[in-house]
Amino acid sequence: MRAGERWHVAVCCLQADFLLPLHCTREGMAAVTGLLEWVFALYFLTHIPITLMIDLQPLVHGAGIDPQCLTELLKWYAVTFKDSMMLEPPSWFKSFICCEAALQLPFFPFAAYAFLKGGCKWIRTPAIIYSTHVSTTVLPIFAHILFHDFSTSKHQGPETVQERLTLLSFYVPYLLIPMLLLLTMLYSPKYNEVEKRKKK
């Protein structure tokens, strides 16, 4: 084999060694993004009834609007896991619920559809806005659960570290999933392809 031919074979081998892992990485990222889309779709689909039946109750507490079974369900949850915010919501917590009703709830069906279908790039900007908004509202709730003195509350709140962490675990998905959504929209090639073409 001539020197030129040996050089050509070496270059081809080098290209194969470099491009194959890159191709596998892209396939792996596409598979992960596809799995996350199903997670996001399930998150938004389940969030619709949770918001309507549970989360909005503190805004109309005592008005007799909600069915008795849903009122009892909320009371059971709040008493069992000592979530006094749901029975005696502070003003700042009510403002978050208002945002959920006015801004987030209308977004849920569109997001559920987009992620069930998959690859809908039009959802990218709304999803970034949603995930950033929700993440920043959940952090004050975390701080309230971990550091607030509930001894003066009308309804019993968490006192021990274990009780605080148990209550915190109910709110963790509402930080974790929006953060995953934000990272997916920012860094997944599936949702950045349009922006990359525009830059070119």
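Side note on the overall build of the protein
Then step 1. Counting its secondary structure elements, the protein contains 8 helices and 0 strands.
Then step 2. Taken from N to C terminus, the helices and strands of the protein fall in the order α-α-α-α-α-α-α-α.
Then step 3. By sequence separation, contacts in the protein at least 24 residues apart represent 73% of the contacts at least 6 residues apart.
Then step 4. With the model as given, the accessible surface of the protein reaches about 12,400 Å², and the carbon-plus-sulfur share is 69%.

Observations regarding the packing of helix H3 (residues 91-104) against helix H5 (residues 124-147)
Then step 1. Their axes nearest at 11 Å, the elements H3 and H5 cross at an angle of 160 degrees. What the angle tells us is that H3 and H5 run roughly antiparallel. The hand of the H3/H5 crossing is left-handed. Residues Trp92, Phe93, Phe96, Cys99 and Gln104 of H3 form the contact with H5, whose participating residues are Tyr130, His133, Val134, Thr137, Pro140, Ile141 and His144.
Then step 2. Considering only residue class, the contact of H3 with H5 consists of 8 nonpolar, 4 polar and no charged.

Things to note about the nonpolar core
Across soluble globular proteins, nonpolar side chains show a tendency to be buried alongside one another.
Then step 1. The biggest cluster of nonpolar side chains holds 41 residues, and the ones touching the most others in it are Phe44, Phe115, Ile123, Tyr130, Tyr171, Leu181 and Met185.
Then step 2. Here this core takes 8 residues from H5, the largest share from any one element.
Then step 3. Excluding residues that lie within four positions of it along the chain, tyrosine 130 makes contacts with Tyr43, Phe44, His47, Gln104, Phe107, Phe108 and Leu181.

Here we look at the confidence of the model for the protein
Then step 1. Put simply, the protein has an average pLDDT of 84, and 80% of its residues get 70 or more.
Then step 2. In this model, residues 6-24 is a region of pLDDT below 50 whose contacts with residues beyond four sequence positions or in other chains number 3 contacts.

Considerations on the environment of phenylalanine 40
Then step 1. One can find phenylalanine 40 in helix H1 (residues 3-55).
Then step 2. We classify phenylalanine 40 as buried; its relative accessible area is 0%.
Then step 3. Distance from phenylalanine 40 to leucine 181, taken between C-alpha atoms, is 7.3 Å for residues 141 residues apart in sequence.
Then step 4. Setting aside its immediate chain neighbours within four residues, phenylalanine 40 contacts Phe115, Ile177, Leu180, Leu181 and Thr184.

Here's the deal with the packing of helix H6 (residues 161-171) against helix H7 (residues 173-187)
Then step 1. Contact geometry for H6 and H7: axes closest at 5 Å, N-to-C directions at 40 degrees. It follows that H6 is oblique to H7 by the angle criterion. Between H6 and H7, the contacting residues are Ser169, Phe170 and Tyr171 on the first element and Pro173, Tyr174 and Leu175 on the second.
Then step 2. By residue class, the composition of the contact of H6 with H7 is 5 nonpolar, 1 polar and no charged.

Structural notes on the pattern of salt bridges
Then step 1. A complete count under the given rule lists 2 salt bridges for this structure.
Then step 2. Residue glutamate 37 pairs with lysine 190 through a salt bridge whose shortest N-O separation is 3.0 Å. With a gap of 153 residues between them, glutamate 37 in helix H1 and lysine 190 in helix H8 (residues 189-199) connect regions that are remote in the sequence.
Then step 3. A residue is classified by how much of its surface remains accessible, and glutamate 37, at 4% relative accessible area, is buried.
Then step 4. Overall, lysine 190 belongs to the partly exposed group, its relative accessible area being 32%.
Then step 5. Residues lysine 82 and glutamate 163 are paired through a salt bridge, measuring 2.5 Å at the closest nitrogen-oxygen approach. Placement of the pair is lysine 82 in the loop between helix H2 (68-80) and H3 and glutamate 163 in helix H6, with a sequence separation of 81 residues.

Quick notes on the rules
Sequence order sets the numbering: in each chain, residues are counted from 1 along the sequence as written. Reporting of local features is limited, given that this is a predicted model, to residues whose pLDDT is at least 70; pairs of side-chain atoms are given and counted only at 80 or more, and all residues count toward the totals for whole chains, interfaces and linings. Hydrogens and water are ignored here; the side-chain numbers use all heavy atoms of the structure. Runs of E in the DSSP output that reach at least two residues are strands. Runs of H or I that reach at least four are helices, and both are numbered from the N terminus. Note on contacts: a residue pair is in contact if any heavy atoms of the two residues lie within 4.5 Å. The Shrake-Rupley method, run with a 1.4 Å probe sphere, supplies the accessible areas, and residue values consider only the shown protein chains as cover. Lines fitted to the C-alpha atoms define the axes, with helices restricted to the stretch that makes contact. Angles between their N-to-C directions range from 0 to 180 degrees. When describing relative orientation, an angle under 35 degrees is termed roughly parallel and one over 145 degrees roughly antiparallel, while 65 to 115 degrees is termed roughly perpendicular and anything else oblique. Helix crossings fall into two classes, left-handed where the near helix is turned counterclockwise from the far one by less than a right angle and right-handed where it is turned clockwise. As a working rule, the residues Ala, Val, Leu, Ile, Met, Phe, Trp, Tyr, Cys and Pro are called nonpolar, Asp, Glu, Lys and Arg charged, and the rest polar, with Gly in that last group. The nonpolar core is taken to be a set of buried Ala, Val, Leu, Ile, Met, Phe, Trp, Tyr and Cys residues, with the residues joined through side-chain atoms within 4.5 Å. Categorising residues by exposure relies on relative accessible area from a 1.4 Å probe, with only protein chains included: less than 20% of the type maximum marks a residue as buried, more than 50% marks it as exposed, and the intermediate range marks it as partly exposed. The predictor reports its confidence for every residue as pLDDT, a score running from 0 up to 100. By definition, a salt bridge exists where a carboxyl oxygen of Asp or Glu is found within 4 Å of a side-chain nitrogen of Lys or Arg.

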